[in-house]
Each structure stands twice: as structure tokens, then as C-alpha cells.
Amino acid sequence: MKELSIYIHIPFCEQKCIYCAFVSYCVNNEIKNKYFQNLKKEIQERKTDREISSIYIGGGTPSCVDAKYIKEILEEVYANYNLKKDIEITIECNPNSVDEEKLKVYKNIGINRISFGVQSLDNDTLKKLGRLHNKDQVVCAINNAKKVGFKNISVDLLLGLENQNIQDFEKQLQELIALDITHISAYMLEVEEGTKLFSMVENKEINLPIPEKTIEIYEKTVNFLKKNGFFRYEISNFSKIGYESKHNINYWKCNEYLGFGVAAYSYFEGYRFSNSINFNEYENKENLLYEKIDNRERIEELIMLGLRCKFGFDFNEIIKLGYDIFLNDNFKKYLDKNILIKEGNWIYLNPDYYGVSNSIICDILP
Amino acid sequence: MDRLDKIRNFCIIAHIDHGKSTLADRLIELAGFVSKRNMQAQLLDSMELEREKGITIKLTPTQLLYKYNNEDYILNLIDTPGHVDFTYEVSRSLAACEGALLLVDASQGVEAQTLANAYLAIDNNLEIIPIINKIDLPSARPDEIKQEIEEVIGIEAEDAPCISAKNGINIESVLEAIVNKIPAPKGNSEEKLKCLIFDSHYDNFKGAICLIRVFDGSVKVGDKILMMQTGSVYEVTEVGIFLPSTKAVDVLKAGDVGYIAASIKNISEIKVGDTITNAEKPAEKPLDGYKQVQSVVFCGIFPVDGAKYNELKDALEKLKLNDASLQYSPEVSQALGFGFRCGFLGLLHLEIITERIEREFDLDIITTSPSVSYNVYKTNGEMIEVSNPANLPPTVEITKIEEPIVKVSVFTPPEYVGAVMELCQEKRGVYKDLQYLDKKRVELKYILPLGEIIYDFFDSLKSRTKGYASFDYEISGFLESDLVKVDMLLNGEKCDALSLIVHREKAYNRGRMVAEKLKKIIPRQMFEVPIQACIGNKVIARETISAMRKDVLAKCYGGDISRKRKLLEKQKEGKKKMRKIGSVEIPSEAFMSILKLDEE
């Protein structure tokens with residue numbers, strides 16, 4: 001049976017971070033109430049018999065709303081969908097907006113994975129990024145999560161921050177690992193148009209390192225984490241063995257997902273589509289963007305996403321979809337040079353070349 | 001004689017952007033035969049490229065009908081391309097007229113092309129009517145400009161009409177001036193036929209047609225005509241005039257401007273400047289001023305997508321239909337595959353053709369660095385013409401190489417004389433003469449290798465003289481020179497399409513600059529790529545493209561997937577336009593960019 005995941009978008013934050021380009025708003029309770037009503041309606045309406053293998057509640061900041069909302073939403077899902085026994089249910093939390101009580105509620109309603117938006121353990125950096133927490137709150141939040149029984153805890157960290165160096169970063173990693181976390185996502189800071197960070201960079205109010213430098217830190221991070229039992233299974237994701245994120249792997253294997261909420265994307269039965277980013281349009285189901293993913297696009301995505309991951313892509317699947325990749329000269333060349341590696345039916349990218357993956361992917365697309 | 005009194009043949013000459021096309025539009029609106037709407041569609045079609053390049057490529061002549069003092073006058077407007085590449089064609093268009101409107105911008109004043117064009121008109125004995133345009137601009141200073149025209153060009157300008165072509169102010173006064181000041185054509189319709197071919201067009205139904213001015217005699221359907229320079233004879237199938245669409249008439253007589261169709265299959269058979277006469281009663285001698293037009297600049301043109309060779313061939317064939325001066329023949333390059341070696345009148349002509357191929361035929365092409373044609377004398381006594389540097393024989397087989405040289409005259413205000421002389425020296429020029437034409441204008445004469453002219457001379461001259469200098473050149477034969485071939489090696493592999501022929505003294509410098517430029521333009525590859533410039537086996541310059549810079553590793557979930565896939569698709573499209581030399585990917589622009597080394 002093909003895998004199917006559910007993504008639920010909670011577009012609310014206490015404050016917008018300077019680098020954030022996600023759809024999130026700081027709004028009053030009335031709007032929140034209404035939003036959750038609509039969300040429940042959408043969850044009902046899009047009901048399917050398929051089994052769900054993971055649920056991911058992301059944002060925004062899901063933890064900034066009253067836990068009762070999360071409970072209602074999940075109950076709505078439970079009432080309408082069949083869940084796999086080993087389902088992974090993740091919620092994104094900010095360290096400052098969860099206490100033991102809230103985490104207990106999460107635990108009791110079946111959530112079994114917490115993803116903390118930590119970003120950094122340096123208090124000055126956190127402040128500059130517009131984050132509302134500090135290092136102590138991170139430690140406290142992770143400890144509380146463990147206390148209420150969470151076994152699978154992930155933290156998000158940012159690479160490419162102002163004044164970042166490998167020594168400090170390794171120290172932060174060390175401290176986090178000591179808290180017994182199971183998963184780390186280390187994302188490179190992207191400066192996206194329309195964000196406050198973008199104008200700060202333009203106005204030289206912030207001095208970000210060049211990609212080269214960040215990649216250097218990234219590569220050292222990879223080694224450091226490996227020594228500490230965290231293995232890279234995707235370009236930006238590391239975990240202890242067995243704690244890879246099922247939900248994200250689902251994306252990268254081009255499996256299907258249903259996205260609920262404003263701006264949420266779905267990929268279902270050959271189409272990728274998204275809800276409007278506007279509350280009213282979302283309520284009225286207006287401004288949905290549809291895109292048909294045909295064989296060629298599917299091939300492109302299988303290659304593009306697969307090569308980001310340790311497992312790579314299954315060339316038989318590509319060939320079945322109509323692209324004999326072994327006829328591609330570049331592909332042959334990359335295999336010869338050990339830039340691409342073949343193992344059984346699978347092709348994966350030599351991790352030394354993650355930094356130039358875009359160019360390699362382009363060369364082997366149909 | 002009554003008939004001739006009612007005809008005026010004229011052209012408009014101007015510096016770029018002084019409003020030539022706009023004035024033409026207004027005249028056609030006021031006195032033309034086309035409705036405003038049709039006219040726009042017609043004129044604007046060809047305008048895009050012209051506007052960008054600031055030149056007129058080719059505009060159909062137009063007949064205007066103007067009532068003045070209760071008399072009907074026929075005014076024939078003949079357009080002229082305004083660039084040095086087309087000087088000969090311009091001179092033939094001017095030769096078809098009795099007068100010229102010299103259009104000057106009321107705030108800019110006299111500029112380089114105003115001078116060059118005005119002198120061309122004076123050389124052709126035309127009556128020149130200065131016209132001050134754009135008087136509606138706040139910065140307009142018509143009185144000063146009139147004085148400037150008188151001082152700098154030396155023609156009477158006091159009564160010059162002050163107009164705004166854009167806003168239609170005073171256009172009537174231009175028409176009046178044309179009637180009053182431009183002499184009526186002379187000539188005798190009873191004499192033996194003499195027509196000047198000043199242009200040619202290709203018409204899908206009529207074949208190649210001659211655009212002509214009748215000086216003497218008359219021509220009608222059924223006449224046997226003789227092209228006096230080529231010696232070809234044809235039977236006239238149609239004669240007519242331009243309104244500006246073609247309109248057949250019974251006969252064209254002395255003084256008239258019109259066209260002759262004579263089942264001429266190929267436009268190459270029509271030579272601009274040639275004289276048409278009646279084959280049965282031929283004139284004793286042709287009109288003066290004929291020259292055989294020759295290609296002086298050559299380059300390779302290749303399709304980016306090798307499979308589109310035939311489409312490129314079609315495009316060249318179609319362009320050739322309307323442009324006899326375009327030459328081409330098939331060529332094969334190791335680096336670029338199958339394509340064509342093409343010959344042009346000059347760099348601008350080259351640029352126009354390549355742009356038209358891209359725009360009108362929607363083909364992506366690669367053009368190689370322009371070259372001139374060299375006479376290469378080989379040890380076996382043979383002489384070959386080499387216009388593709390890749391074809392230069394090995395040094396041991398060459399006894400000497402001759403390069404084409406040109407006589408150049410530069411008009412410049414005195415304050416730039418030093419700068420112009422310096423430029424000519426740099427370009428291996430030999431000084432010939434310097435003359436003060438008046439207080440504001442100096443004429444400098446130099447002998448220069450043509451190869452140096454096509455390499456950035458025009459742009460350098462303009463930038464060093466703030467656009468005031470204009471120049472003109474004529475081919476004046478070949479001269480032996482110490483020339484060498486510089487080859488470019490990428491990752492150790494020679495790229496034939498990047499080879500250059502240069503003077504030995506400049507080889508080192510040029511090799512270094514090309515290597516630097518290639519370093520800038522070739523994107524980083526997966527591995528380090530050395531670039532070498534070599535003469536024979538000797539490396540004279542070396543650069544290295546370092547390995548590819550790493551990307552930010554962006555995250556990729558849900559909605560990012562489509563976005564990222566589209567980015568990669570776009571990146572892949574970009575890569576398609578690259579050429580591979582061995583394992584190195586080179587963007588198409590690299591081949592042309594060699595020519596623009598001096599820009600930085």
C-alpha cells in the first residue's frame with residue numbers, strides 16, 4: 001500500500017522571526033477559533049479510506065495556541081481516518097511556548113514526536129533572529145518533554161548565522177546531544193525576499209557568512225554528529241539509528257500527502273495543490289493552485305529528492321516511468337567518477353558532492 | 001518640363017534619436033496615401049530593432065501628395081540607413097535625391113552623425129534644408145542650434161523650420177520648404193534610359209525588385225532592360241510606385257522614384273548603384289559612383305541546438321532574399337558542429353543579421369568572434385584567403401600574410417584630437433593627415449588595418465570623444481603584416497571557434513585578455529579548469545577557473561518541491577545553451593565576448 005501522510009498547518013506565531021517566509025500571522029482568538037473550525041471541516045471533507053502513516057503539525061508555531069485546539073484537530077483526524085499502528089505524529093514547538101502541562105496534553109492525545117525550533121543556543125543570536133526563547137528555556141523544554149514521556153525529540157538548528165564558528169557550534173551540539181535528543185535538522189539560513197532578514201542584509205545591518213564558509217561548518221558538523229551517533233539520512237537531517245523522520249522521508253520518496261490549513265500543500269492522486277494563504281479564501285476554498293505531476297515531472301522529483309537522501313532513487317522506477325537514465329552521458333560519467341554510486345537498484349549521491357548537487361541533478365534530468 | 005516641376009525627391013538625415021522616423025510618420029500622415037492606422041502597423045513592424053540600435057535598417061520609399069498654392073506636388077521620400085557599415089548604400093540613396101532634410105535636435109544640437117550625414121549629402125550635391133526638431137522640450141534652444149549649424153556645417157540655417165515631430169507642430173512648414181527649396185529633378189524622358197538602383201527588395205510574387213530613380217528616359221512593361229555593371233538583360237514585368245505599398249503604373253519617366261520588376265529570381269543579381277538602361281537603346285555610359293559591395297567582416301554562425309542546422313539554413317536563405325550583401329557558406333567546427341561562415345558589410349550589419357535570426361526565426365545561435373579576410377601566401381606558391389582563424393595553415397607553411405587595410409577619416413572637435421590620435425596609434429594606425437575644417441571640426445586621416453577597426457574601434461572612438469567623433473573608412477588594399485594565430489585551450493583541449501589572428505606584438509596582451517574574459521564568463525565546473533592562450537605550442541597566458549562554488553543546501557518539503565523542481569528545470573534550460581569543449585561547458589556568449597574585451 002502506498003504511504004499517505006497528513007500535514008496540518010497552524011499559521012500562528014507570537015512573533016514573526018526575521019528570516020521566516022512561512023505563512024504565519026499574529027492574530028486574536030476570534031480568528032483562531034474560526035480557523036480551527038474551518039480546519040476541522042476540511043479534515044472531515046477530505047476524508048479517505050487510505051491508511052495514514054504519519055501526521056505532522058507544523059507552522060507557524062503550533063505550540064503557541066491553546067492545547068485544546070490541537071486536541072480537537074487530532075481528534076477530528078482520528079475520527080475520519082485510519083491510522084497505521086506505528087504512526088508517527090509530530091508537533092513543532094517553540095521552547096518558550098510549552099510547559100509540562102501542555103506537553104502532557106500532547107502526549108495524551110497520541111503525539112509521539114516533538115520538534116523543537118531551537119535554531120541556536122547563543123542568546124544574542126536568538127535575540128537578533130527575533131526568537132522569543134533563550135538557552136535555558138531550551139534545556140527546560142527538552143527536559144519537560146522527556147519527563148512527560150517523549151522518546152523522540154528533534155531540534156532544528158540554523159547554519160550560516162552571523163559570527164557562527166565551528167567551535168561554538170560543536171559545543172552547542174554537544175549540549176543538545178547530552179539532553180538525549182534523537183534527531184537534528186540543521187538548515188542553512190536562506191535569505192528570502194520579503195523577510196526582515198532580506199532588508200537587513202540589503203542594508204548591511206547583518207553580516208552573514210558566504211555559502212562556502214557555511215558549507216565548511218556544515219561538513220564539519222556532519223563528521224562531528226557521526227562520531228556522536230547521529231547519521232545524516234538527508235542533506236539537512238541527522239538522527240540516531242531508527243529515529244529518521246517518517247513524515248519527511250515520505251516527502252522525499254515522492255509519496256502522497258494531504259495538507260490541511262492555509263497555504264498547506266497536498267500531493268494526491270497525481271496532483272500537487274495548495275490552499276490559499278488567505279484566511280477568507282481558505283474558508284471559501286478559493287484560489288487553490290493545482291499542478292498536474294505527470295511522468296516526466298515525477299521522474300524529476302524522484303531524482304531530485306532521492307539524491308538529497310542517503311537512500312537515493314530506484315532506477316527501475318525511473319525507467320518504468322519512461323526515462324532510460326543509463327542512456328544519459330552525464331549520468332554514466334558521474335557513475336564512472338564515483339560522484340553517483342550504484343547499489344542494487346538504487347543510485348545515490350556521494351555525500352562529498354552534496355554542495356554541488358543542483359548541478360549534478362540538472363545534468364541527469366530527462 | 002511641367003511634369004518635373006511638380007516632383008521633389010528627398011531624404012531625411014539625422015543623428016540617432018533626433019526624430020527621423022517620427023518626422024517621416026508625420027509627413028506620411030499629412031500627405032501620404034495610407035490611413036493612420038495602417039501606417040502605424042506598417043512602420044512599427046520594423047521598428048523594434050531599429051529603435052534599439054538607433055538606426056534605420058531599411059524603410060520602403062514613400063510617395064507623398066502635397067497641395068501647395070493649388071498645385072499638386074509629388075514628394076518622394078527615400079529613407080537612408082544611418083551607419084558607417086551602410087555608407088555606400090546611403091550614398092546611393094542620397095544620389096537618388098535632389099535634397100535632404102537635415103534634422104537636428106533642438107537641445108542636443110549638431111552631433112557626430114549629423115556631420116557625417118551632412119557631408120555625405122554635400123558630396124552628393126544635395127540641397128540641404130536644416131530642420132530644428134523637438135522645440136517643445138523645455139531645454140530647446142533653437143536659435144543657438146541654428147547658429148551652430150551655420151558655424152559647424154557651414155550651411156544657411158536662419159530660415160530653418162522649427163518643429164516638433166512628436167507633437168505635430170509646424171510640420172506643414174517642412175512640406176512647404178521641400179517644395180520651395182529642393183530643386184525639381186532634371187532629366188529628359190526622351191533620352192536613353194538611365195535608372196539608378198538605390199535598393200532592392202524581395203517580393204514573394206514579383207521576385208526580386210529594383211528600387212530605382214529614373215534620371216533619363218522612361219521604362220514600361222515589356223521593355224528589355226540591361227544592368228550596365230553586371231551585363232544581365234531582363235524583360236520588365238511591372239513598373240510602379242510606393243505608397244508605400246507597391247502600386248503598378250504604366251510608365252516611369254525621368255525624375256520618378258519607383259520600382260521595376262523583371263522576373264529576377266535572385267536578389268544577388270541586383271547590385272545597388274548599378275545603372276539600368278534599355279537593352280535595345282542603351283545609354284553610352286552608366287551613372288557614376290558604382291562600387292562592388294564586398295563582405296569585410298566574417299564570423300561563424302552555429303545553431304545552439306545542433307539539430308536546428310536546417311532551420312538556420314532556411315533563416316539565412318530568407319534573410320538573403322532581402323539582403324544581397326549577406327554572404328554565407330557551410331562550415332564545420334570541432335567545437336560548434338555544423339554551421340555557416342557568414343560575411344557582412346560591417347559589425348553592425350553582423351549584429352542586425354544575428355539578431356534578426358534570433359528574433360524573426362526564433363533560433364538560438366552562437367556567433368564566433370568576427371574576423372577579416374587575410375591573404376595567406378604559402379611556401380608552395382599558393383595564395384589562399386583565410387577568413388576563419390581556425391583555417392590558418394601551420395606557420396611553417398606560410399611565407400607571408402597580408403591583411404586588409406582601410407583609409408579612415410575621423411571628424412572630431414579639436415579638443416579630442418589627442419584622444420583620437422592615441423586610439424589610432426593603439427590600433428596600429430599610420431598617420432596621414434590632419435586638417436582644421438573650421439574652428440570646431442578637425443579631420444584626421446589614418447591608414448588602419450581593418451582587423452583593428454572591427455575590433456572595438458567604433459565603441460572606443462565614441463567613448464573617448466563623448467560621442468562627438470564620427471568616422472568613415474574605405475578599403476584600400478592589402479599589406480603584409482606580422483600576424484600570428486592565438487589558440488585558446490580549455491582543460492588542455494583546443495577550441496577552434498575561439499582562435500584569433502592578431503598582430504604578433506598584440507598577441508600576448510590579447511591572449512591574456514581573452515583568457516581573463518573566458519574565466520569570467522565560463523561558469524565554474526565540477527573540477528578546476530585551466531585556460532591557456534597559445535601561439536603554436538607556446539603558452540602565452542594562463543588562467544584557472546576554480547571548481548564549482550557550493551550552493552546553499554535549501555530545505556525541501558511539501559510546497560518547496562514544485563518550486564525547486566522548476567528552478568532545476570530552468571537551470572537545465574540554461575545548461576542546454578552551453579557548448580561542450582571536452583568536458584568544459586561554455587555559454588554561447590563566450591564566443592562573441594572576445595570582441596568586447598575593451599569594455600571594462
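Residues numbered from 1 in each chain as written. Chains lettered and ligands numbered in written order. Predicted model: local features only at pLDDT ≥ 70, side-chain atom pairs only at ≥ 80, totals over all residues. Heavy atoms only, no water.

Asks: I would appreciate a short explanation of the overall build of chain A in the present structure.
Replies: Summing up its helical and strand segments, chain A has 14 helices and 15 strands in all. Put simply, of all contacts in chain A between residues at least 6 apart along the chain, 69% involve residues at least 24 apart. When the accessible surface of chain A is totalled, it reaches about 15,900 Å², and 47% of it is carbon and sulfur. (Helix = DSSP H or I, 4+ residues; strand = E, 2+ residues; numbered from the N terminus. Contact = heavy atoms within 4.5 Å. Areas by Shrake-Rupley, 256 points an atom, 1.4 Å probe, with all protein chains shown as cover.)

Asks: Looking at this model, I keep getting lost on the overall build of chain B. Mind explaining?
Replies: In terms of regular secondary structure, chain B is built from 16 helices and 32 strands. A burial count over chain B gives 57% of its 600 residues as buried. Within chain B, counting contacts between residues at least 6 apart in sequence, those at least 24 apart form 70% of the total. Here chain B has roughly 26,000 Å² of accessible surface; of this, 47% comes from carbon and sulfur atoms. (Buried < 20%, exposed > 50% of the residue type's maximum accessible area, 1.4 Å probe, protein only.)

Asks: In this structure, what is going on with the packing of aromatic side chains? I would like to understand it.
Replies: Centre distance and the angle of the planes are the two values used to describe a pair of aromatic rings. Tallied over the entire structure, the rule returns 29 aromatic pairs over all chains. Ring geometry for Tyr257(A) versus Tyr267(A): centroids 6.1 Å apart, planes at 55°, classification tilted. Separated by 10 residues along the polypeptide, Tyr257(A) in strand E9 (residues 256–260) and Tyr267(A) in strand E10 (residues 265–268) bring together distant segments of the chain. Classification of Tyr257(A) as buried rests on a relative accessible area of 1%. Take Tyr267(A): its relative accessible area is 5%, and that puts it in the buried class. Aromatic pair Tyr309(B) and Phe338(B): ring centres 6.1 Å apart, planes at 70°, arrangement edge-to-face. Of this pair, Tyr309(B) sits in helix H9 (residues 309–322) while Phe338(B) sits in strand E18 (residues 337–344), placing them 29 residues apart in sequence. One aromatic cluster is present, formed by Phe12(A), Tyr25(A), Tyr35(A), Phe36(A), Tyr69(A), Phe279(A) and Tyr282(A) through successive ring pairs. A cation over an aromatic ring shows up here: Lys32(A) above the ring of Phe12(A), its NZ or CZ 5.7 Å from the ring centre. Above the plane of the ring of Tyr271(A) lies Lys292(A), whose end atom (NZ or CZ) is 5.3 Å from the centre. (Phe/Tyr/Trp six-rings, centres within 6.5 Å; stacked < 30°, edge-to-face > 60°. Lys NZ or Arg CZ within 6 Å of the ring centre and 35° of its normal.)

Asks: Before we go on, may I ask you to explain the interface of chain B and chain A in this structure?
Replies: The figure often quoted for interface size is the accessible area lost as the parts come together. Contact residues are listed per partner, giving 28 residues for chain B and 45 residues for chain A. Summed over both partners, the interface of chain B with chain A buries about 3,400 Å², with 58% contributed by carbon and sulfur atoms. Counting across the chain B and chain A interface gives 5 salt bridges. Note that Arg565(B) and Glu301(A) form a salt bridge whose closest N and O atoms lie 2.3 Å from each other. (Buried area = accessible area lost by both parts, 1.4 Å probe. Salt bridge = Lys/Arg side-chain N within 4 Å of Asp/Glu carboxyl O.)

Asks: Where do I start with unusual backbone geometry in this structure?
Replies: Outside of glycine, negative phi angles account for most residues, and trans bonds account for most peptide bonds. Residue and element names in this part refer to chain A. The linkage connecting Gly 59 with the following residue, Gly 60, adopts the cis geometry, with an omega of 20°. We note that Gln 119 has phi near 70°; this positive angle belongs to a residue other than glycine. For Gln 119, the location among the structural elements is in strand E4 (residues 113–119). Look at Gln 119 and you get buried, because its relative accessible area is 8%. At Ala 263, a residue that is not glycine, the phi angle is positive and equals roughly 65°. Within the fold, Ala 263 resides in the loop between E9 and E10.

Asks: What am I meant to see in helix H5 (residues 135–147) of chain A here?
Replies: Along an α-helix, residues three or four apart share an orientation, since each turn contains 3.6 residues. Residues and elements named next belong to chain A. For H5, which comprises 13 residues, the first-to-last C-alpha distance of 18 Å matches the rise-based estimate of 18 Å (1.5 Å per residue) to within 8%. Of the residues making up H5, those classed as buried are Val 138, Ala 141, Ile 142, Asn 144 and Ala 145. Each buried residue of H5 lies within a common arc of 160° when the element is viewed along its axis, so the set occupies one face. With respect to the buried face of H5, the exposed residues turned more than 90 degrees away are Asp 136 and Lys 147. Looking at the packing, one finds that the buried side of H5 touches helix H3 (100–108), E4, strand E5 (153–159) and helix H6 (166–178). With a side-chain oxygen lying 3.2 Å from the backbone nitrogen of Asp 136, the N-terminal cap of H5 falls on Asn 134. Phi turns positive one or two residues past the end of H5, at Gly 149, with a value near 115°. (Expected span 1.5 Å × (residues − 1). Arc of directions from axis to C-beta. Polar contact = N/O pair within 3.5 Å; in protein donor to acceptor, adjacent residues only side chain to side chain.)

Asks: Looking at this model, I keep getting lost on the pattern of salt bridges. Mind explaining?
Replies: Side-chain pairs of opposite charge can arise whenever the charged atoms involved come near each other. A full pass over the atoms with the stated rule returns 53 salt bridges over all chains. Across the salt bridge formed by Arg356(B) and Glu360(B), the nearest N and O atoms sit 2.8 Å from each other. Of the two residues, Arg356(B) and Glu360(B) are both situated in helix H10 (residues 347–360); the distance of 4 residues between them amounts to about one turn of the helix. Its salt-bridge partner being Lys494(B), residue Asp487(B) comes within 3.8 Å of it at the nearest N-O pair. Several salt bridges share partner residues, and in doing so they unite Arg272(A), Glu291(A), Arg296(A), Glu300(A), Glu301(A), Arg565(B), Lys566(B) and Glu569(B) into one network.

Asks: I keep staring at the sheet that holds strand E13 (residues 313–314) of chain A and nothing clicks. Help me out?
Replies: All names here are of chain A. The sheet built from 3 strands is open, its strands ordered E13-E15-E14 with antiparallel pairing. Every other strand in the sheet has two partners, leaving E13 and strand E14 (340–343) as the edge strands with one partner each. Sheet analysis places E14 next to strand E15 (residues 346–349), joined by 4 bridges and oriented antiparallel. Within E15, the residue paired with Leu 340 across the bridge is Leu 349. Contacting E13, E14 and E15, helix H13 (residues 329–336) crosses the sheet at an angle of about 80° to E14. (Pairing = 2+ DSSP bridges. Axes fitted to C-alpha atoms, helices over the stretch in contact; angles between N-to-C directions.)

Asks: Even after reading the chapter, I still don't get the state of the cysteines, so can you show me in this structure?
Replies: Applying the stated rule across the entire model yields 0 disulfides over all chains. This cysteine, Cys342(B), is not joined by any disulfide, and Cys299(B) carries the nearest cysteine sulfur, 6.0 Å off. (Disulfide = S-S within 2.5 Å.)

Asks: Looking at this structure, I do not really get the environment of Glu98(B). What am I missing?
Replies: Residues and elements named next belong to chain B. Considering the arrangement of structural elements, one finds Glu 98 in the loop between helix H5 (87–95) and strand E4 (99–105). With residues up to four places along the chain from it excluded, the contact list for Glu 98 reads Asn 9, Asn 125, Leu 126, Glu 127, Ile 182, Pro 183, Ala 184, Pro 185 and Arg 213. Here the side chain of Glu 98 touches Arg 213 through a polar contact of 2.8 Å, side chain to side chain.

Asks: Is there a simple way to think about helix H8 (residues 171–181) of chain B in this case?
Replies: Here H8(B) has its buried residues at Ile171(B), Val174(B), Leu175(B), Ala177(B), Ile178(B) and Val179(B). Where H8(B) is buried, its residues contact strand E1 (7–14), helix H2 (20–31), strand E2 (62–68), strand E3 (71–78), E4 and strand E5 (127–133) of chain B.

Asks: Help me understand the nonpolar core, please; the structure alone is not making it clear to me.
Replies: The tendency in soluble globular proteins is for nonpolar side chains to be buried as a group. Counting 128 residues, the largest nonpolar core has Tyr106(A), Phe116(A) and Ile303(A) as its most contacted members. Apart from residues lying up to four places away in sequence, Tyr106(A) is in contact with Pro62(A), Ser63(A), Ala67(A), Ile70(A), Ile91(A), Cys93(A), Val98(A), Ile111(A), Ile114(A) and Phe150(A). Counting residues in hydrophobic clusters, the runner-up holds 46 residues, among them Leu316(B), Leu319(B), Leu392(B) and Phe471(B). (Core = buried A, V, L, I, M, F, W, Y, C linked by side-chain atoms within 4.5 Å.)

Asks: I tried to follow a negative patch on the surface on my own but got confused; where do I start?
Replies: All names here are of chain B. A contiguous patch of negative charge on the surface is contributed by Asp 305, Glu 311, Asp 314, Glu 317 and Asp 362. Its location among the elements puts Glu 311 in helix H9. Take Glu 311: its relative accessible area is 40%, and that puts it in the partly exposed class. (Patch = residues over 30% accessible without salt bridge, like charges linked within 9 Å, V, L, I, M, F, W, Y side chains within 5 Å. Lys, Arg positive; Asp, Glu negative; His and termini not counted. Charge placed at Lys NZ, Arg CZ, Asp CG, Glu CD.)

Asks: What's the story with the sheet that holds strand E12 (residues 246–249) of chain B in this structure? I'm lost.
Replies: By way of backbone hydrogen bonds, the strands of a sheet pair with one another, either parallel or antiparallel. All names here are of chain B. With respect to topology, 8 strands assemble into an open sheet ordered E10-E9-E15-E6-E7-E14-E11-E12, the strand pairing being antiparallel. Each edge of the open sheet carries a strand with a single partner, namely strand E10 (233–235) and E12. When the angles between neighbouring strand axes are averaged without regard to direction, this sheet yields 40°.

Asks: Whenever I open this one, the environment of Gly492(B) confuses me. Can you help?
Replies: All names here are of chain B. Counting through the fold element by element, Gly 492 comes out in the loop between strand E26 (483–490) and strand E27 (493–494). The exposure class of Gly 492 is partly exposed, given its relative accessible area of 46%. When the C-alpha positions of Gly 492 and Gln 532 are compared, they lie 7.7 Å apart, and in sequence the two are 40 residues distant.

Asks: I tried to follow the side chain of Ser91(B) on my own but got confused; where do I start?
Replies: For Ser91(B), the location among the structural elements is in helix H5. Within the structure, Ser91(B) has its side chain in polar contact with the backbone oxygen of Tyr88(B) (distance 2.7 Å).

Asks: Help me understand the packing of helix H11 (residues 295–306) of chain A against helix H15 (residues 560–576) of chain B, please; the structure alone is not making it clear to me.
Replies: Angle between the axes and distance between the axes are the two parameters that describe a pair of packed helices. With their axes 10 Å apart at the nearest point, H11(A) and H15(B) run at an angle of 95° to one another. Taken together, the axes of H11(A) and H15(B) are roughly perpendicular relative to one another. Counted together, Arg296(A), Glu297(A), Glu300(A), Glu301(A), Met304(A) and Leu305(A) of H11(A) and Ile561(B), Ser562(B), Lys564(B), Arg565(B), Leu568(B), Glu569(B) and Lys572(B) of H15(B) form the full contact between these two elements. Classifying every residue of the contact of H11(A) with H15(B) by side-chain character gives 4 nonpolar, 1 polar and 8 charged. (Parallel < 35°, antiparallel > 145°, perpendicular 65-115°, else oblique. Nonpolar A, V, L, I, M, F, W, Y, C, P; charged D, E, K, R; others polar.)

Interpretation in functional terms is not warranted from these geometric data alone.
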